[in-house]
Amino acid sequence: MTVPGSASIPLPGGQPGANVGVKLLRCGESLAPPGWFYRDQAGSFLGAIGVRVPRGQWLRTPIGAFLLDHPGVGPFLVDTGLHPGAADSIVRDFGRVNAQAFRTLRMAPEDAVAAQLSRDGLDPDEIGLVVMTHLHVDHTSGMSQFPGAQFVCSQAEWEAATARRAVLNGYVGRHLPAAERVRTIDFDGPDARSHGPFD
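Computed from a predicted structure; not experimentally measured.

Quick notes on the rules
- Residues numbered from 1 in each chain as written.
- Predicted model: local features only at pLDDT ≥ 70, side-chain atom pairs only at ≥ 80, totals over all residues.
- Heavy atoms only, no water.
- Helix = DSSP H or I, 4+ residues; strand = E, 2+ residues; numbered from the N terminus.
- Rg over C-alpha atoms; globule rule 2.2 N^0.38 Å.
- Buried < 20%, exposed > 50% of the residue type's maximum accessible area, 1.4 Å probe, protein only.
- Contact = heavy atoms within 4.5 Å.
- Core = buried A, V, L, I, M, F, W, Y, C linked by side-chain atoms within 4.5 Å.

**So, the overall build of the protein chain**
Helix and strand counts for the protein chain come out as eight helices and seven strands. The C-alpha radius of gyration computed for the protein chain amounts to 18 Å, which stays within 12% of the reference 16 Å derived for 199 residues, consistent with globular compactness. Once the C-alpha set of the protein chain is aligned to its principal axes, its extents read approximately 50 × 40 × 35 Å. Sorting the 199 residues of the protein chain into buried and exposed places 42% on the buried side. Once local pairs closer than 6 in sequence are excluded, the contacts in the protein chain between residues at least 24 apart make up 69%.

What follows is the structure in structure tokens.
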């Protein structure tokens, strides 16, 4: 298995004091039990996944990504949202295991992030950078829509997503790009610095 290289921080093109534009790109929504988000309210793993939780109590959950426009870097994405194929077959896109968690998914193919960018006059092929908050299926489904992008994620998350049986933890390996297109940040490494109250 090829291992991704480390990201160079700050990312190329960064500049202090830059004004950055941010646009939410909502590409779908799903329902989830409150315990999925508020584990202290779940009572158990079964409660967290919605067993014996009335559907009327489930929360509407948006799925999407963010388009950032940086004066030095240009446009880049945070996450990729859903592939247009998820609208036609969530099982085909997410796999049987993960499709169960998103069985309430609603989206239209034209709501995919790449389609939204195209409507706004931005060629998805020209997105050169995507920062991934994490690599669960609802964030990675659209990764293949950005063939020219370099992806940045945490080292721990890459290891979790590429581990044996990762599918049981919400990852879909076929969504991930080749390791050569990935740069990782090791938040636990010797060069890691704390930011505010975060480790």
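**Examining the nonpolar core**
One finds Leu77, Val113, Leu117, Leu135, Phe146 and Phe151 to be the most contacted residues of the largest nonpolar core, which totals 37 residues. Of all elements in the fold, only strand 2 (21-32), strand 3 (59-70), helix 5 (90-101), helix 6 (113-119), strand 6 (150-154) and helix 8 (155-161) reach the threshold of two or more residues within this core. Excluding residues that lie within four positions of it along the chain, Phe146 makes contacts with Leu77, Thr80, Val113, Ala114, Leu117, Pro124, Ile127, Phe151 and Arg181. Core analysis: the second largest hydrophobic core is formed by six residues, Leu68, Phe76, Val78 and Leu129 among them.

**Regarding unusual backbone geometry**
Within the chain, Arg52 stands out as a residue other than glycine whose phi angle is a positive 65 degrees. Among the structural elements, Arg52 can be located in the loop between helix 3 (45-48) and strand 3. Backbone geometry at Arg165 places phi at a positive 65 degrees, although glycine is not the residue there. With respect to the element layout, Arg165 can be found in the loop between helix 8 and strand 7 (182-185).

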